[in-house]
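Analysis of the macromolecular model
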Amino acid sequence: HPTLLSWEAVVSTQSTGAKERAEAEKKERQKQNKLLKGERKKLRDNVKARNYFCQGSDNIVQAMENLELLLLGVTLDDMKKLNGVSSDATAFSSQYSALLDAQLKEQEAKKRENLAKAKQSQEQHKEQSLNMDKFTTPDIALLVKAVKIFPPGTVNRWNTIADYLNQHSAVCKTYDNQDVIKKVKKLQSGEEADLRSKVNAQAYENFEKAQKQRIEEVQAGGGISNRDTLNSALQKEEATKKNKGPWTTEEQKLLEESLKKYPASFGAERWDSIAAHVATRSKKDCMRRYKDLVEQIKAKKAKQ
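Because the structure is a prediction, the values reported are computed rather than measured.

Looking now at the pattern of salt bridges. Counting across every chain of the model gives nine salt bridges. Between E39 and K42 there is a salt bridge, with the nearest N and O atoms lying 3.8 Å from each other. Of the two residues, E39 and K42 are both situated in helix α1 (residues 2-49); the distance of three residues between them amounts to about one turn of the helix. Assessed through its relative accessible area of 11%, E39 is described here as buried. Linking K41 and D45 is a salt bridge whose minimum nitrogen-to-oxygen distance equals 3.0 Å. Taken as a pair, K41 and D45 lie in helix α1 at a separation of four residues, close to a single helical turn. Overall, D45 belongs to the partly exposed group, its relative accessible area being 37%.

Below, the structure is given as structure tokens:
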């Protein structure tokens, strides 16, 4: 079957290429880790031989901790340069001190930054907890959408939904899983039926505006008369995508192109983008076609 052979070639090529890249990346990481491990050992031995640069009552435990901090923070090139001057006590001590000072300053800066962020987050949560309208109407609409996108069974579902809200909300960026759980329970229990009504009303209003805009665009292009209704315009538009016949060679080609262009890593919008690329098939048609072809390939390999 030509289509099946073409599909099998696409899947095989993608699989082989991905495996080769993954193997090459793995080897490179192993090589770099081996070099890094060797340079760390050299530096640790060089510093240890100098008693961690401690004298008299100096805190040797703190000096050892500083060394480990340095080993985790500096680059492979910096360690090579430092080990390269280990035979020169003065140069080695000077460069070691400079690198260590830089690491300690960076660590202190990160601590201050993290403390500032934590304080800011606490203040925001405190302020929002006093504000009964933390979830604005647009954010409730986002929450309803997220609950549908990430159904029960999704790994870390509530954290995932909270991340989605923080990414898309124009008002609040500090939602957490407890915020999401409490709000969903309230919406489901009927305690906030008026809010759900607002969300539904807003969703309908946005839908109506979008469809009117699409009608105007079609009318501007001479596609329909003023007597055409919203429903008839939508029916005409959807009719072009309801192709129930066998997949043509051109459609198969477009599907294969879109699968390469929009891989699994593309995210939740992947199949919408694939359907838009194929144009004459719906999202469900494309997903079903993909599943059927994969099953055919599996069945063929099982017989071999």
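From this point, the narrative continues.
For the structure shown, the criterion picks out five aromatic pairs. Here the aromatic rings of F150 and Y164 are separated by 5.9 Å at their centres, their planes lie at 70°, and the arrangement is edge-to-face. Taken together, the residues span a long stretch of sequence, with F150 in the loop between α5 (137-149) and α6 (157-168) and Y164 in helix α6 at a distance of 14 residues. Among the residues examined, Y164 registers a relative accessible area of 11% and is labelled buried. Geometry around W158 places R157 over its ring, the cationic atom sitting 4.7 Å from the centre. The lysine or arginine in question, R270, covers the ring of W271, its NZ or CZ lying 5.1 Å from the ring centre.

Calculation rules
- Residue numbers here run from 1 along each chain, matching the order of that chain's written sequence.
- In view of the model being predicted, local features appear only for residues whose pLDDT reaches at least 70, and side-chain atom pairs are presented and counted only at 80 or more, with totals across whole chains, interfaces and linings using the full set of residues.
- Here the side-chain values reflect all heavy atoms present in the structure, with hydrogen atoms and water set aside.
- Each reported salt bridge corresponds to a side-chain nitrogen of Lys or Arg within 4 Å of a carboxyl oxygen of Asp or Glu.
- In this description a helix means any DSSP run of H or I spanning at least four residues, a strand means any run of E spanning at least two, and both kinds are numbered starting from the N terminus.
- Partly exposed describes any residue whose relative accessible area lies between the buried limit of under 20% and the exposed limit of over 50%, with all areas from a 1.4 Å probe on protein chains only and scaled to the type maximum.
- Put simply, two rings from Phe, Tyr or Trp (the six-membered ring, in Trp's case) pair if the centres are within 6.5 Å, and we call them stacked under 30 degrees between planes, edge-to-face over 60, tilted for the rest.
- In this analysis the charged atom, NZ for Lys or CZ for Arg, is taken to sit over a ring once it is within 6 Å of the ring centre and within 35 degrees of the ring normal.

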